[in-house]
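Tertiary structure, described
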Amino acid sequence: PAVEMVAAQGLYAAAMNFAGLPAALAVLQRNERSVLTIESLAVNALFRQLGLARQLLHWLMAEAERLECSRLMVSYPLNHASTAAMQRLTNAALRWQHSPGLRLVHSDRTACLSVVKRLTPLTNRWLGRGRWSLLSWQALDASQLLEVEMLQQEAPLWARPESIECQGAVGQRDEAISQVLLDHGAVAGWLIAHRVGGSVFRVTQWWVTPQLQGSGIALLLMYQALSVALKAIPLYSCVCYGFASDNQSMSLMFSRFLEPLASRSYASQRATITFQ
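Everything in this summary refers to the structure shown in the same document. (Residues numbered from 1 in each chain as written. Predicted model: local features only at pLDDT ≥ 70, side-chain atom pairs only at ≥ 80, totals over all residues. Heavy atoms only, no water.)

1. Structural notes on the pairing of strand S12 (residues 238–244)
Relative to S12, strand S6 (residues 97–108) is paired through seven bridges, and the arrangement is antiparallel. Within S12, the residue paired with leucine 102 across the bridge is alanine 244. The sheet contact formed by strand S11 (residues 200–208) and S12 spans three bridges and is parallel. Bridge assignment links phenylalanine 201 to a residue of S12, and that residue is valine 239. The parallel pair S11 and S12, bridged by helix H6 (residues 219–229), forms a crossover whose chirality is right-handed. (Pairing = 2+ DSSP bridges. Helix = DSSP H or I, 4+ residues; strand = E, 2+ residues; numbered from the N terminus. Right-handed = clockwise from strand over helix to strand, strands pointing away.)

Shown next as structure tokens:
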């Protein structure tokens, strides 16, 4: 097998050929802390059971060290057909360390319509009080963009709209669907969405200020984003989002309002290997 890797806009693609045919592909993202994250790893069905995934992963480990990355990370779903294989590939004996990953939720259009319907009464009450309002990302003026820039310094790195991590996100930011929450006219949070593969709406970042966390007000952002996404052209077929398993406020909000109406949801495991 032969492996080649190309880079473009913060993303890397590593392709493996076998007997002159495409056999395996990995897509990776590198962030500003020199962490290389495997976004996807797939083996052609014709070449499975040949150990190609292991070979490609070992090659990626060596390449990460060559690129002077501090860590290589990969996440995979639990209770899935691929779980056992990924656990073998990231065995602790090979220096991999494991930790809880994100809980991932997928909703088709029918589920999204149900979420919007369920949230409509709550949203109307909140917006009727005059305190809260919403703006699409593309509607922000220069002063509001400056507010976002200043506020994101208080946000964790993963939640900053202009972070290098977000710039390397798979897909293109949908600025009509991405929403900003205003509290008495001041920026208080945002939901950033990317269009992936033409029909998937991916929630990349969803954050409100610490004093608002746990209040449920972040649901306003989801309501508006879904409402706009359902009318978008070309059509979105599904939405996917995730949250850290140890995020109690987000877990409660998802379990009450989003997961019961989801098409599917599952927990993931994160495997990390650190380089000296």
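2. Overview of the layout of surface pockets
As a volume, the second largest pocket reaches approximately 350 Å³. Lining the second largest pocket are 21 residues, and of these Gly214, Ser215, Gly216, Ser249 and Met253 sit closest to its centre. Going through the elements one at a time, helix H3 (109–128), S11 and helix H7 (248–258) are the ones with two or more residues in the lining of the second largest pocket. Counting residues per element, the lining of the second largest pocket draws most heavily on H7, which supplies six residues. (1 Å grid on protein atoms, 1.4 Å probe; cavity = no way out; pocket = protein on both sides within 12 Å on 5 of 7 lines; lining within 4 Å. Points joined across faces, edges and corners; volume = space filled by probe spheres on them.)

3. Here's the deal with the pattern of salt bridges
For side chains of opposite charge, pairing can occur when their charged atoms come near one another. In this structure the tally under the stated criterion is four salt bridges. Residue arginine 103 pairs with glutamate 259 through a salt bridge whose shortest N-O separation is 3.0 Å. Of the two residues, arginine 103 is situated in strand S6 and glutamate 259 in the loop between H7 and strand S13 (264–274); the sequence distance between them amounts to 156 residues. Given a relative accessible area of 26%, arginine 103 falls into the partly exposed group. A salt bridge links arginine 131 to aspartate 183, with the shortest nitrogen-to-oxygen separation between them at 2.8 Å. Taken as a pair, arginine 131 in the loop between H3 and strand S7 (132–136) and aspartate 183 in strand S9 (residues 179–183) lie far apart in primary sequence, 52 residues in all. What makes arginine 131 partly exposed here is its relative accessible area of 33%. The buried category is assigned to aspartate 183, whose relative accessible area is 17%. (Salt bridge = Lys/Arg side-chain N within 4 Å of Asp/Glu carboxyl O. Buried < 20%, exposed > 50% of the residue type's maximum accessible area, 1.4 Å probe, protein only.)

4. Considerations on the environment of threonine 123
Here threonine 123 shows up in helix H3. Residue classification places threonine 123 among the buried positions, given a relative accessible area of 2%. Spatially, the C-alpha atom of threonine 123 lies 6.1 Å from that of leucine 220, the residues being 97 residues apart in sequence. Not counting residues up to four positions away in its chain, the partners in contact with threonine 123 are Leu220 and Tyr223. (Contact = heavy atoms within 4.5 Å.)

5. Focus on empty space enclosed by the protein
This model, assessed by the stated rule, comprises one cavity of 30 Å³ or more. Volume-wise, the largest cavity comes out at about 60 Å³. Along the walls of the largest cavity sit Arg109, Cys112, Phe201, Leu226, Ala229, Leu230, Tyr236, Ser237, Cys238 and Val239, which together make up its complete lining.

6. Structural notes on helix H1 (residues 52–66)
With 15 residues, H1 extends 21 Å from end C-alpha to end C-alpha; this agrees with the ideal 21 Å at 1.5 Å per step. The complete set of buried residues in H1 reads Leu52, Ala53, Leu56, Leu57, Leu60, Met61, Glu63 and Ala64. (Expected span 1.5 Å × (residues − 1).)

Purely geometric numbers; function is a separate question.
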